[in-house]
Structures are given as C-alpha cells and as structure tokens.
Amino acid sequence: MSETWVYDFEHADKGNKALLGGKGANLANMTQLGLPVPPGFTITTEACNAYNAAGTLLETIWQQVCHAVNQLEKKTGKSFAGSGDPLLVSVRSGAKFSMPGMMDTILNLGLNDNAVEVLTQKTGNPRFARDSYRRLIQTFADVAMGVDIRLFENELIAIRGERQDYEISAEELDTLIERYKGIYQKATGSSFPQDGFEQLRLSVIAVFKSWNNPRARTYRRENAIPDDIGTACNVQAMVFGNMGMTSGTGVCFSRNPATGAKGVFGEFLINAQGEDVVAGIRTPEHIDQLAQEMPEVAKQLFDTIERLEHHFRDMQDIEFTVEEGKLYMLQTRSGKRTGAAAVNIAVDMVEEGLVGVEQALMMVEPQHINQLLHPQIDMSQAIPEPLDSSGLPASPGAAVGRIVIDSHEAVKICEADPKAKLILVREETTPDDIDGMIACQGIVTARGGMTSHAAVVARGMGKPCIASAPSLVIDEHKGSITIGGKQFNSGDWISMDGGRGTVYEGELKLKQAEFTGKVGKLLGWADAARRLKVRANADNPRDSRQAVEFGAEGIGLTRTEHMFFEPERLPHVRAMILSDTEEERRKHLDSIFEFQKEDFKGIFREMTGKPVTIRLLDPPLHEFLPHDEQEINDLINEVFGGVTDEKRSEVKARIEAMRESNPMLGFRGCRLGIIYPEINEMQVRAIIAAAIEARREGSESIPEIMVPLIGAKSELAKVEPVLRRVASETMESYGEKIDYLFGTMIEVPRAAVTADEIAELAEFFSFGTNDLTQMGMGVSRDDAQRFLGHYVNMKIYRDDPFQSLDQEGIGKLVEMACKLGRQARPKIKLGVCGEHGGDPDSIDFFHRAGLDYVSCSPFRVPIARLAAAQAEIRSRGASAAAVSSTA
C-alpha cells in the first residue's frame with residue numbers, strides 16, 4: 001500500500017501533531033467539532049522531510065496534492081485554475097511546535113489575469129479582486145521566488161501616499177499589478193505564473209524550504225526544537241476579509257497573553273487580510289470594538305473561543321476572518337504567553353476546575369519562571385517624565401540599553417561585546433529581525449499591535465516589548481529616532497517598561513521581581529509533586545539568604561577559594577603559599593582560620609536546619625599570586641617587610657615555578673590537601689567550629705565536607721582519616737558533638753568508573769558536571785567557544801554540553817557512578833553541583849538517573865523546583881504507559 005502524504009481536515013487524525021503539525025491537527029480538531037472552518041487538507045511533516053532528503057517534491061506527493069485539490073473543488077463547487085467560479089487557496093506552514101512568524105504563508109493562490117476578471121464578475125467588487133491579486137504577486141514573489149519585498153512595498157507606498165491600503169481604487173490597483181508584474185519579470189527572468197497548479201507546487205516547495213531558513217533555524221535553536229521533525233503544509237480554501245466594510249480579519253486570545261487575565265483579548269481590522277494584522281502594517285482595533293461593528297459575529301466568535309479553550313484546556317491563540325458578515329475560524333493553537341501570564345493561567349484554570357494540578361504544572365515552562373526573575377524599573381528612584389507613555393504594553397518587564405535601529409547591527413555589536421545592552425527600535429519587526437531581537441534586551445516599535453510579530457515573538461522570548469509607540473519616528477538614513485519630540489542617535493541610552501508601554505530617556509535603575517501570590521502557589525504544588533531536592537550554590541551569607549527566599553533546601557556547593565580572595569585575607573594566603581616550611585604555613589593559616597570560621601558561620605545562620613556542602617580548597621595555588629610588577633612589589637612588602645632586588649628575583653622565580661601548562665589537570669584539589677594537609681586541616685577545623693558556634697546561637701545546620709578532584713580511592717584514603725581526626729579534635733575542644741558528612745566530588749572520569757571503591761569511604765557524591773564534561777569530552781570550557789557554536793549548528797553536538805548535559809556520553813558516566821556507588825553504600829547521598837543542576841533537560845536526566853538533589857545558582861532555584869516536578873510527572877506518565885503496554 002502506498003504511503004499517505006495528504007489528509008483532509010475531516011478525516012485526519014486530529015491528535016497526531018507529529019504528522020499533521022500543530023496547525024493541521026487543530027484545523028482537523030475544529031472541523032470535526034463542527035466549527036465554521038474553510039475546507040482544506042494537510043501535506044504531512046513526513047512529506048517535508050522527504051522533500052528535504054530528496055531535494056525535490058516527490059511525484060507521489062504531488063499526485064496526492066492534485067487529487068486533494070480536486071476533492072476541494074467538489075466540496076466548494078468552485079474551480080481551481082479553471083474557467084468557472086475561482087477556487088483560491090492559502091498555503092501555510094505548521095510544525096508540531098508553534099513557531100509564530102518563522103516560516104512562510106502565501107494567500108490567494110489560483111488567481112491569474114483571467115481569474116481576477118471572473119472574480120470581479122462573481123463578486124461585483126473589482127477593488128477586492130485586484131487587491132487580492134496584487135497581494136498574491138507580492139507574497140508569491142517574496143516567499144516562493146526570493147524577490148526583495150521592498151521593491152513591491154516601494155511601489156505600494158508611491159501609489160498609496162498617506163492613505164490606508166483599502167483606500168486605493170481598483171484603477172490604481174490595476175496600475176500597481178502591472179508594476180508588480182514588471183518587478184517579478186525583471187527579478188526572476190520569467191512572467192508571473194498563470195497556471196494555478198504551478199503556483200501551488202512552487203508554494204508547497206517554498207513552505208518546505210522555509211523549514212530551514214535562517215530565522216526558523218535560529219528560533220528552533222533558541223527554543224530547543226529539534227531540526228529533524230519538519231513542517232506540515234496546510235492548503236485551505238480562501239475566505240476573504242478584504243471584501244468590504246462587512247468583512248475583516250483578526251487575531252485574538254482566550255486570555256490576555258501578557259498578564260493571563262481571563263477574557264477575550266485581541267485585535268481586528270475591517271476590510272483586510274490576516275497578514276495586515278500580524279505584520280503590523282496597520283494598527284488594528286481592539287477586539288471589543290467588534291461587538292459594535294458586527295454584534296452577531298462578535299457573539300459567535302466569543303462563544304467559539306470559550307468552547308475551544310474548554311476543549312483544549314489551555315489558553316488559545318485564534319485567527320479568524322469575517323467574509324461579508326460570516327465568521328470563519330482559520331487557526332487555533334496554544335497561545336504564546338509571558339511568564340506571568342503562564343503562571344496566572346495555570347493557577348486560575350485549576351481554581352476554575354478546567355485542569356488538575358499536575359496538568360497546570362506541565363502548562364508552565366521552566367523558562368516562564370525565569371522570565372519572572374527579570375527586572376522591573378525601581379520606582380523608589382526619581383523617575384523622569386516618560387518620553388512616550390501611550391505605546392501598547394506588548395510584553396512586560398523592563399530593560400535599559402543603547403538604541404539600535406538595525407537588527408544586523410545589533411548582532412554585530414553583541415558579537416564584539418557579549419555584555420552590550422541594547423534596545424531594538426524599529427518601525428515594525430519582521431521574521432528577519434529574529435537574530436537582532438535575541439541580541440537585544442527589549443524591543444520598541446512604531447507600528448503594530450498586541451498580536452504583531454514583535455509582540456508575539458518578544459513574549460515567547462520573555463523580553464519586554466512596546467508596540468505602536470505613537471510619538472516614535474525613525475530615520476534609518478540618519479541613524480536616529482525621534483520620540484516624545486526629542487531626537488536620539490543610535491547608541492544613546494533609553495529605558496523601557498514593557499508592562500506599562502512607557503519609554504524614558506537615560507539609564508534607570510532596575511530591580512528584581514518578587515515571588516508572591518500565584519507564583520508561590522504554583523511552586524508549592526511543584527514542591528509537593530517532585531522527588532528531587534533542590535539546593536543552591538552559594539559562597540556567602542547574602543547568596544545563601546537569596547537561595548532560601550527562592551526555596552532552596554540547602555547548599556549544594558560552597559566554594560571556599562572565593563573567600564580566600566577577600567582583600568583582608570589575601571596577604572595571609574599569599575604569605576602561606578610562599579612559606580618555606582610547614583610551621584610557617586600553619587602560622588599563616590592560623591591567621592586565616594578566624595576569617596574562614598566567620599564565613600561558614602554566616603552561611604550556617606542563613607541555612608538553619610538545612611545541609612550545607614562545603615568544598616575544600618580546589619584551585620591551584622598560583623592563581624592567588626600576582627604577576628604584575630607592582631603587585632609583586634606590594635606582595636614582597638606585605639610578606640617580607642621590604643623590597644630588595646634579591647627578594648624580588650627570588651619571589652618572581654617562585655611564582656614562575658608555580659605556573660602550570662594545564663592547571664585544570666595540575667596541582668589542585670585533593671592533591672593540595674595530600675601534599676599540604678595543613679590547608680585542609682584548617683578548613684575542616686573552621687567548618688566544625690562554625691557549626692558548633694552557630695548551633696549555640698540557635699542556627700543548627702548539617703555540614704557536608706567535600707574533597708574535590710578525587711580520582712582514586714587511594715587519594716581519599718590519604719585525606720579521610722586526617723580530616724576526621726581534625727573534626728573529632730575540634731569537637732572535643734568545644735566539648736560538643738555535631739553530625740556531619742564526609743564525601744567527594746565526582747568530576748574525574750576515573751572516579752566515575754571506580755565509584756564503588758570510592759563509596760567505601762565517601763558518604764556522599766556530588767557530581768561536578770562542569771569539569772566532568774571538560775575531562776570526559778576533552779573540551780576546554782574556556783577555549784571551546786571558538787568552535788562550540790559551529791558544532792551545535794552542524795549537529796555534531798546536540799547542545800552546548802556546558803549548558804545542557806551530554807546525556808549520551810557524560811550522562812553514562814553519571815549513571816555508572818550512581819549504580820556503583822549505591823552497590824557499595826546503598827544509602828549514599830547523590831547530588832549534582834555543576835550549573836547543569838539548573839538546566840531543565842539536565843534535571844530531567846538527573847531525576848531518571850536517581851540522584852537525590854540538584855544544586856544551581858540561587859536565581860535558578862525556582863526553575864529547578866518546577867523542572868524537578870515536571871520530571872516526576874513525566875516519569876509517572878512513562879511508567880503508566882509502560883504498564884499499560886504490557887497489560
């Protein structure tokens with residue numbers, strides 16, 4: 001039996017988004033619900049993959065497309081590319097995952113010189129027929145043939161002048177069509193195709209090609225969407241919103257995508273086609289106005305929207321067209337939303353009884369929580385009068401940056417300076433601006449509405465956006481803008497508040513958002529659902545306090561070396577390093593002891609009742625020494641009381657002798673503690689003393705002493721008895737005992753494969769996945785940026801392995817160490833303290849691998865809490881599916 005490449009909406013498997021794409025599946029859903037959907041069919045994602053593999057549209061696919069068109073002619077009673085009542089169709093992309101604006105759409109296919117006259121006779125509306133034809137020529141030339149769309153826009157502007165598009169007469173449109181044909185002929189070397197099937201074939205190919213256009217690839221990379229799933233192509237009978245003042249088109253959401261507030265939210269345009277709304281070419285009317293213009297249509301639309309939200313149990317993003325007073329539904333999908341909206345919608349839907357708690361948790365992406373950590377304007381400062389306060393608040397959050405009016409320039413600036421802060425200011429954005437939007441902190445546009453490209457994409461990225469700022473005028477030639485009557489040049493600083501639609505001159509102070517209300521409720525549900533504990537990496541009381549506020553259940557990594565760099569203790573550290581004898585080293589370490597004890601005590605006070613994992617000194621000692629001539633002289637003065645040529649030469653020689661060719665694999669970690677045990681002894685004494693003194697003050701924590709860079713049991717066997725002796729002696733000196741754990745980091749591949757031996761001495765493992773990745777993959781984190789991006793783009797690596805764990809390689813080392821460690825010590829505690837502990841994909845892996853906790857930076861703790869809950873929910877779903885399949 002031959003493979004099926006094409007399915008009509010009435011008979012397609014509405015649940016199969018992988019095959020039909022999200023748009024095709026939802027069109028099938030709406031059709032089968034009996035909603036007013038123009039008929040059509042879906043060419044599958046598998047057809048797209050077949051095209052990309054073969055480099056041509058397979059004949060079997062095209063035959064099925066032609067057959068589906070014939071069936072569409074029978075359903076509509078119209079003729080495609082024939083002499084009767086013209087059947088016009090749209091061709092739209094639609095992948096499994098929503099990618100708004102990233103791929104291509106062509107409307108009005110099937111029009112030609114003859115059909116436009118027939119359409120005029122059938123409708124009695126010559127302006128409508130000609131407007132549809134000029135749109136087809138323009139979009140077909142742009143999408144299917146790669147002709148610069150600006151060539152057409154310039155001609156349109158020349159004829160339109162200051163008027164709106166719908167005010168152009170039929171006669172003027174005839175002139176415009178001829179000019180468009182001339183542009184097409186000159187750019188392509190051929191006439192605009194008059195055969196509707198040729199138009200359709202080239203358009204389907206264009207949609208399949210658009211899967212790999214630069215903006216689509218960028219969007220997939222930013223949103224972790226696989227490159228190999230392909231896009232479906234939906235062919236649908238056209239309905240027309242540009243047939244006059246009883247027609248129109250619009251985009252709306254079942255809830256506010258910026259705030260989550262319940263109630264239909266959206267925009268529409270009278271006498272327009274859908275591209276006019278999303279492209280920001282005209283500023284549309286609020287959807288509430290539709291009830292005044294077309295009350296019966298508005299009621300039907302609002303009822304349909306409510307029905308769709310209840311059916312899909314999620315906030316819906318809907319496109320509709322009204323043709324001469326009749327409503328048609330063109331698309332529904334789960335709407336892109338801000339982090340605040342995602343949380344509010346999820347919690348509200350639970351309280352409304354639409355969804356359960358677990359479904360609500362799965363509705364919120366971990367990245368949504370990250371958006372809530374984005375700053376707001378600090379209103380405690382003196383706030384100047386806004387330059388413009390009437391822009392549309394398209395995506396909330398605040399940003400401060402330098403003005404940039406060209407997306408390509410924004411990318412160049414950020415490539416030269418990754419820390420550059422920019423605000424992209426445009427007339428309106430298009431899909432080609434995606435790289436510039438990623439590079440900038442915020443977006444401001446002069447045109448477009450709440451459903452324009454800039455608004456939708458910015459909300460998906462979690463970036464602030466203001467659309468349709470009324471006083472904004474952009475002069476691209478001069479590289480300047482005018483807003484609020486004041487001129488600014490590219491590079492000048494402005495501040496923006498996307499939640500209020502306000503733009504300010506200069507740099508305003510920002511503050512972090514706070515976790516309250518529904519966010520706290522959602523994360524409480526997450527805490528109840530998850531198995532994995534979530535800790536934080538924190539080196540001081542301030543970070544520890546922040547971690548607790550964000551819900552951390554302990555400290556998974558305290559890096560003691562950061563404490564050594566404090567100005568008041570660095571001279572003692574350097575003196576210790578340059579000491580000739582153990583006695584001298586111990587003397588200088590005694591000077592550091594009180595500092596260390598107070599450091600630890602401050603952390604214990606913040607972490608009452610919680611475990612605190614403290615890593616003993618890890619970096620090579622030469623990192624604490626100066627290399628600048630003046631700093632070396634200062635060091636000699638501090639340590640030896642005066643500078644002489646002899647002493648300078650001696651110190652410089654010692655510093656040079658301590659340099660290492662490959663310090664990551666050099667004299668560091670446990671190797672320092674084995675050769676200079678007095679260093680670790682001082683630190684353990686300070687940890688135990690601090691824990692006892694903090695308990696006396698009412699703050700009891702559980703210290704976990706962690707030895708870094710262990711690669712063999714024999715190394716830990718040298719360190720462990722010495723440190724346990726020091727711990728016991730310290731407790732005896734205080735006359736008190738405390739509970740503590742002794743363990744190690746697993747960051748050397750050899751440690752992972754001999755974890756059963758190491759677990760005989762270690763009470764816990766903490767996976768240092770940053771160094772484990774470096775050593776396991778043979779990739780330097782500090783030097784790899786020269787090629788890592790290329791590797792990801794070339795599919796050599798699925799992701800940057802320092803951002804998301806290499807599960808197929810390094811993950812196997814983690815799984816092996818977990819299995820071996822538990823074989824030797826069944827109750828061993830297992831955690832991870834690399835920054836992978838805050839990456840949702842990696843957290844899902846750590847859950848499956850059986851770890852007890854993850855640890856990450858304080859600001860990623862809320863993300864990890866939600867991701868850990870989602871990992872548990874997914875694993876239960878997978879287990880249930882496995883049981884069902886064997887029943």
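Here the structure is a predicted model, which is why all the values come from computation and not from measurement.

Student: Can you walk me through the overall build of the protein chain in this structure?
Tutor: When helices and strands are tallied, the protein chain shows 35 helices and 30 strands. By its C-alpha atoms, the protein chain is 105 × 70 × 50 Å across when sized along the principal axes. Within the protein chain, the fraction of its 887 residues that count as buried is 55%. Total accessible area on the protein chain stands at roughly 36100 Å², and carbon and sulfur atoms take up 49% of it. Between the centroid of the 98 positive side chains of the protein chain and the centroid of its 127 negative side chains there is a distance of 3 Å.

Student: Mind showing me how you'd approach the confidence of the model for the protein chain here?
Tutor: One rule of thumb: low pLDDT means the predicted coordinates there are not for detailed reading. When pLDDT is averaged along the protein chain, the result is 91, and 96% of the positions lie at 70 or above. This stretch, residues 883-887, has a pLDDT under 50; its non-local contacts, to residues over four places away or in other chains, come to zero contacts.

Student: What's the story with the sheet that holds strand β21 (residues 502-505) in this structure? I'm lost.
Tutor: Within a sheet, neighbouring strands are paired by backbone hydrogen bonds and run either parallel or antiparallel to one another. The seven strands are arranged β12-β16-β15-β14-β13-β20-β21 in an open sheet whose pairing can be described as mixed. Here the strands that pair on one side only, and so sit at the sheet edges, are β12 (392-395) and β21. The mean angle between the axes of side-by-side strands here comes to 35°, regardless of whether they run parallel or antiparallel. The pairing of strand β13 (residues 398-404) with strand β14 (residues 422-426) spans three bridges and is parallel. Residue pairing across strands places Arg402 opposite Leu422, the latter belonging to β14. Packed on one face of the sheet, helix α16 (residues 407-416) meets β13 and β14 and runs near 170° to β14.

Student: Explain the sheet that holds strand β19 (residues 486-489) to me, please; I cannot follow it from the model alone.
Tutor: Read from one edge of the open sheet, three strands run β17-β18-β19, paired in antiparallel fashion. Each having just a single partner strand, β17 (473-475) and β19 make up the two edges of the open sheet. On average, adjacent strands in this sheet sit at an angle of 20° to one another, irrespective of strand direction. Here β17 pairs with strand β18 (residues 480-483) via three bridges, running antiparallel.

Student: Can you help me understand empty space enclosed by the protein in this one?
Tutor: Rolled over the atoms, a probe with the dimensions of a water molecule shows which regions are left empty. In total, this model carries one cavity of 30 Å³ or more according to the counting rule given. Considered as a void within the structure, the largest cavity measures approximately 40 Å³ in volume. Surrounding the largest cavity, Ser79, Ala81, Gly82, Gly84, Pro86, Leu87, Gly110, Asn112 and Ala115 form its lining. Residue composition of the lining of the largest cavity, grouped by class: four nonpolar, five polar and no charged.

Student: Please explain the pairing of strand β10 (residues 326-334) as it appears in this structure.
Tutor: Regular strands place side chains that alternate from one sheet face to the opposite one. The buried fraction of β10 amounts to seven of the nine residues, a majority that puts the element mostly inside the structure. Relative to β10, strand β9 (residues 316-323) runs antiparallel, the two being bridged by eight bridges. Each residue of the ladder has a partner; that of Thr321, found in β10, is Tyr328. From the end of β9 to the start of β10, which pair antiparallel, there are two residues, and Glu324 there has a positive phi angle of about 45°.

Student: So what exactly am I meant to see when it comes to the pattern of salt bridges here?
Tutor: Once their charged atoms are close, side chains differing in charge can pair, the charge on each being opposite to the other. Within this structure, the stated rule accounts for 76 salt bridges. Measuring nitrogen to oxygen at the nearest pair gives 3.6 Å for the salt bridge that ties Glu427 to Arg447. On the criterion of sequence distance, the pair formed by Glu427 in the loop between β14 and α17 (434-439) and Arg447 in the loop between β15 (442-445) and α18 (453-461) is long-range, its members being 20 residues apart. Residue Glu736 pairs with Arg695 through a salt bridge whose shortest N-O separation is 3.0 Å. Pair noted here: Glu736 is in the loop between α28 (713-734) and β27 (741-746) and Arg695 is in helix α27 (residues 677-696), with a separation of 41 residues, a long-range link. The class for Glu736 is partly exposed, based on a relative accessible area of 22%. Ionic contacts of the salt-bridge type, sharing partners, join the residues Glu594, Lys597, Glu598, Lys601, Arg605, Glu693 and Glu697 into one network.

Student: Looking at this model, I keep getting lost on the side chain of Gln807. Mind explaining?
Tutor: As for its placement among the helices and strands, Gln807 is situated in the loop between α32 (788-793) and α33 (810-824). Accessibility expressed as a relative area gives 17% for Gln807, which makes it buried. In this structure the side chain of Gln807 is engaged in a polar contact, spanning 3.4 Å, whose partner is the backbone oxygen of Asp841. Leaving out residues up to four positions away in the same chain, Gln807 has contacts with Arg798, Lys812, Asp841, Phe845 and Arg848.

Student: What should I look at first to understand the packing of α27 against α28 in this one?
Tutor: The angle between the axes and the distance between the axes are what describe a pair of packed helices. Direction vectors running N to C along α27 and α28 enclose 35°, while the axes themselves pass 9 Å from each other. For α27 against α28, the interelement crossing comes out right-handed. Residues Asn680, Glu681, Val684, Arg685, Ile688, Ala689, Ile692, Glu693 and Arg696 of α27 touch α28, and the partners they reach there are Val719, Val722, Leu723, Arg725, Val726, Ala727, Thr730, Met731 and Tyr734. Split by residue class, the contact of α27 with α28 holds eleven nonpolar, two polar and five charged.

Student: What am I meant to see in the layout of surface pockets here?
Tutor: Here the second largest pocket defines a volume of roughly 700 Å³. Met664, Arg668, Asp771, Gln774 and Arg781 are, among the 32 residues lining the second largest pocket, the residues nearest its centre. Contributions of two or more residues to the lining of the second largest pocket are made by β24 (555-559), α21 (560-564) and α31 (769-777). Broken down by element, the lining of the second largest pocket gets its largest block of residues, four residues, from α31. Grouping the amino acids of the lining of the second largest pocket by side-chain chemistry returns eleven nonpolar, nine polar and twelve charged.

Student: Would you explain the pairing of β14 in this entry?
Tutor: Among the five residues that make up β14, five are buried, leaving the element largely enclosed by the rest of the structure. Both faces of β14 are covered, namely the face carrying Leu422, Leu424 and Arg426 and the face carrying Ile423 and Val425. This β-α-β element, β13 to α16 to β14, shows right-handed connectivity. Bridge analysis of β14 against β15 gives four bridges, and the strand direction is parallel. Bridge assignment links Leu424 to a residue of β15, and that residue is Ile443.

Rules behind the numbers
Residues numbered from 1 in each chain as written. Predicted model: local features only at pLDDT ≥ 70, side-chain atom pairs only at ≥ 80, totals over all residues. Heavy atoms only, no water. Helix = DSSP H or I, 4+ residues; strand = E, 2+ residues; numbered from the N terminus. Buried < 20%, exposed > 50% of the residue type's maximum accessible area, 1.4 Å probe, protein only. Areas by Shrake-Rupley, 256 points an atom, 1.4 Å probe, with all protein chains shown as cover. Lys, Arg positive; Asp, Glu negative; His and termini not counted. Charge placed at Lys NZ, Arg CZ, Asp CG, Glu CD. pLDDT = per-residue confidence, 0-100. Contact = heavy atoms within 4.5 Å. Pairing = 2+ DSSP bridges. Axes fitted to C-alpha atoms, helices over the stretch in contact; angles between N-to-C directions. 1 Å grid on protein atoms, 1.4 Å probe; cavity = no way out; pocket = protein on both sides within 12 Å on 5 of 7 lines; lining within 4 Å. Points joined across faces, edges and corners; volume = space filled by probe spheres on them. Nonpolar A, V, L, I, M, F, W, Y, C, P; charged D, E, K, R; others polar. Salt bridge = Lys/Arg side-chain N within 4 Å of Asp/Glu carboxyl O. Polar contact = N/O pair within 3.5 Å; in protein donor to acceptor, adjacent residues only side chain to side chain. Left-handed = near helix turned anticlockwise from the far one by under 90°. Right-handed = clockwise from strand over helix to strand, strands pointing away.

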